[in-house]
Amino acid sequence: MSFSAAVSISYTLQGWSNMLCAQKSNPFSLKSSLIPSQFGKKLIHKPLIRYKEFSPKRCNGKTKASILWEQGYKKVEVFSKEHLAVSLAYDVAQLSNKFIRERGVFTVVLSGGSLIKYLRKLVEPPYVDSIEWSKWHVFLVDERVVPKDHLESNYKLAYDGFLSKVAIPNVNIHGIDDALPADGAADVYETSMRRLVKSNIIATSKNGLPKFDLTLLGVGPDGHVASLFPGHPILKENQKWVTFIKDSPKPPSDRITFTLPVINASSNIAMVVTGEGKANAVHSALENDHNHHNIAKLPVELISPEGDLKWYLDKGAASKLFQKKVEEHRNIQETNFVNSIIFENTKLGGELNEIRRRNEEMRVAHDEKEKETNKYFAEWRERGEVWEKEKETLKSKVEEAEARMKVVYDDAALKGKEGFDNAIRQVSVLLPDWNFSELDLANTIENGKVMRPVGNGHVPVELKKMDGSRGESTANVQGENTPVKDNKENQGEGVAN
Ligand SMILES: O=C(O)[C@H](O)[C@@H](O)[C@H](O)[C@H](O)COP(=O)(O)O
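All values derive from a computational prediction rather than experimental measurement. (Residues numbered from 1 in each chain as written. Predicted model: local features only at pLDDT ≥ 70, side-chain atom pairs only at ≥ 80, totals over all residues. Heavy atoms only, no water.)

What to know about a nonpolar patch on the surface
Line of reasoning, step 1. A cluster of nonpolar side chains, contributed by Y376, F377, W380, V386 and W387, occupies part of the molecular surface with about 530 Å² of accessible area.
Line of reasoning, step 2. Looking at the secondary structure, you find Y376 in helix 9 (residues 323-430).
Line of reasoning, step 3. Judged by relative accessible area, Y376 falls into the partly exposed class, the value being 47%. (Patch = residues over 30% accessible without salt bridge, like charges linked within 9 Å, V, L, I, M, F, W, Y side chains within 5 Å. Areas by Shrake-Rupley, 256 points an atom, 1.4 Å probe, with all protein chains shown as cover. Salt bridge = Lys/Arg side-chain N within 4 Å of Asp/Glu carboxyl O. Helix = DSSP H or I, 4+ residues; strand = E, 2+ residues; numbered from the N terminus. Buried < 20%, exposed > 50% of the residue type's maximum accessible area, 1.4 Å probe, protein only.)

Here it is, written out as structure tokens:
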């Protein structure tokens, strides 16, 4: 099983773009759900994918999902500190099983520093009991030239924190000869490595270099790895497997260290880096443009193994990595925001234009209606004037008719029934619209009044009086034989016959 296969992660984010879709619990979560859709195009929100080789152990307790991405050949995973230890133990156990199965041994190289504490899960169940510790051979990638029980000793650090708690035989823990000075200690260490290569405990790379199964490295804030410091000449060492340094910028000054080619010959390298102080170094290693050859590279940038390389980072160490992406993301958000405003404006502009258009339509319709109404009023005014004139004409005709009727009625009053019938005839001629037929046929004179039949009785006939009002007509017509004289007197208006 290769390192990459072993590095099965609990949750994997596919590629850079999807990194932006990480869960909120993740420090790099950018809440892509807030990204506004842009003109129907939505940023695709891919769910976290559960990796096939997911191990429940990796998600125990408060451990959280991590972010993984690959940039070129580099695998980088960002964890909470707890999850980092859980994940690292799982991966180391997988590699241990793989190499022990394939080679019968597992050669592991340790650096000093904080790395040791991140191996703490290996000394707990299930690993403490399940790993074949007896098959392990442990080496130190660098060592301070101090006694093994010295507080500065990497051997002591690793032994106290890890090696003494698992069943690795002491003979398989390869520390330096602390009785020797740095140069001697480096030589002896290399010699014993050569012996182990010969006996096939340590595998050999195609360049004839020792090929360790797993090298676990820490990184200094200045970008150093092992005891290979920035700008130091031993960075160029390509003959020796193990060299020494007597002017280490990080105390103590005297150290031995694996050379860069030996480190890079490893089958697997795990870079375990935590804390914001390492963010620049991590950024240089993972995001620097490596085409700029004239810029002096940090030692960490020179880690480029034949096998697999994986970075185990915490939020602090990874904090500079995402800036470009965060910036890009922010730009996208800003662009989307501006676009959405433009879109809204355009929409509102459209709506406004529509309202203006409808308003204009209504104004035109209103004007039309007003014109029609004015025309209508003008017509009616005109008609009214005509009617007024007609009314005047009619009035004078009515007056004329009334005057003549007066003569007729007066005459009728003088002549009684016969005179009345005569009057009716004359009035009929004068007022042809009036219906006098009933009157003609059925009128009778009762008590001196002209009556007409209604139902079983008779009612007085209404005729126009001389003053124009309606009333019981012919009050003066009292009977066929009523003397004309009396009628004339009753009428109160003498009319010449
Ligand atoms: O002996 C040493 O000083 C270490 O081997 C050194 O290379 C160490 O690994 C880094 O400085 C990171 O150390 P931290 O992880 O403690 O920062």
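Some thoughts on the sheet that holds strand 13 (residues 255-258)
Strands pair in a sheet through their backbones, by hydrogen bonds, and they do so in one of two ways: parallel or antiparallel.
Line of reasoning, step 1. An order of 7-13-12 is seen for the three strands of this open sheet, with the pairing classed as antiparallel. Both outer strands of the open sheet, strand 7 (142-144) and strand 12 (242-245), are each paired with one neighbouring strand and no more. Averaged over neighbouring strand pairs, the angle between their axes works out to 20 degrees when direction is ignored.
Line of reasoning, step 2. The pairing of strand 7 with strand 13 spans three bridges and is classified as antiparallel. Note on strand 13: the bridge partner recorded for D142 is T257. (Pairing = 2+ DSSP bridges. Axes fitted to C-alpha atoms, helices over the stretch in contact; angles between N-to-C directions.)

Some remarks on the site of the ligand
Line of reasoning, step 1. With respect to spatial proximity, 15 residues lie near the ligand, and among them S114, D142, R144, H224 and K278 are the closest.
Line of reasoning, step 2. Between the ligand and the protein, one listed contact pairs an oxygen atom with a side-chain N or O atom of S114 at 2.5 Å.
Line of reasoning, step 3. Between the ligand and R255, the relevant distance is 3.2 Å, taken from an oxygen atom to a side-chain nitrogen or oxygen of the residue.
Line of reasoning, step 4. A total of 420 Å² of accessible area belongs to the ligand in isolation, and the protein chains cover 90% of it.
Line of reasoning, step 5. Considered class by class, the residues forming the shell around the ligand number two nonpolar, eight polar and five charged. (Near = heavy atom within 4 Å. Polar contact = N/O pair within 3.5 Å; in protein donor to acceptor, adjacent residues only side chain to side chain. Nonpolar A, V, L, I, M, F, W, Y, C, P; charged D, E, K, R; others polar.)

Considerations on the packing of aromatic side chains
Line of reasoning, step 1. Counted by the stated rule, this structure contains 13 aromatic pairs.
Line of reasoning, step 2. Taken together, F99, F106, W133, W136 and F162 form an aromatic cluster joined through their ring pairs.
Line of reasoning, step 3. The ring centre of W241 lies 3.9 Å from the NZ or CZ of R194, which sits over that ring. (Phe/Tyr/Trp six-rings, centres within 6.5 Å; stacked < 30°, edge-to-face > 60°. Lys NZ or Arg CZ within 6 Å of the ring centre and 35° of its normal.)

Describing the side chain of N172
Line of reasoning, step 1. You can see N172 is positioned in the loop between helix 5 (154-161) and strand 8 (173-174).
Line of reasoning, step 2. Looking at N172, its side chain comes within polar contact range of the main-chain oxygen of W136, at 3.0 Å.
Line of reasoning, step 3. Apart from the residues within four sequence positions on either side, N172 is in contact with S134, W136, H137 and V138. (Contact = heavy atoms within 4.5 Å.)

Let's talk about helix 5
Line of reasoning, step 1. Buried residues of helix 5: N154, Y155 and A158, and no others. Buried residues of helix 5, seen end-on, are gathered within an arc of 105 degrees and therefore sit on one face of the element.
Line of reasoning, step 2. Along its buried surface, helix 5 packs onto strand 5 (106-110), strand 6 (136-140), strand 7 and strand 8.
Line of reasoning, step 3. Two or three places before Y155, at the opening of helix 5, S153 has a side-chain oxygen 3.1 Å from that residue's backbone nitrogen. (Arc of directions from axis to C-beta.)

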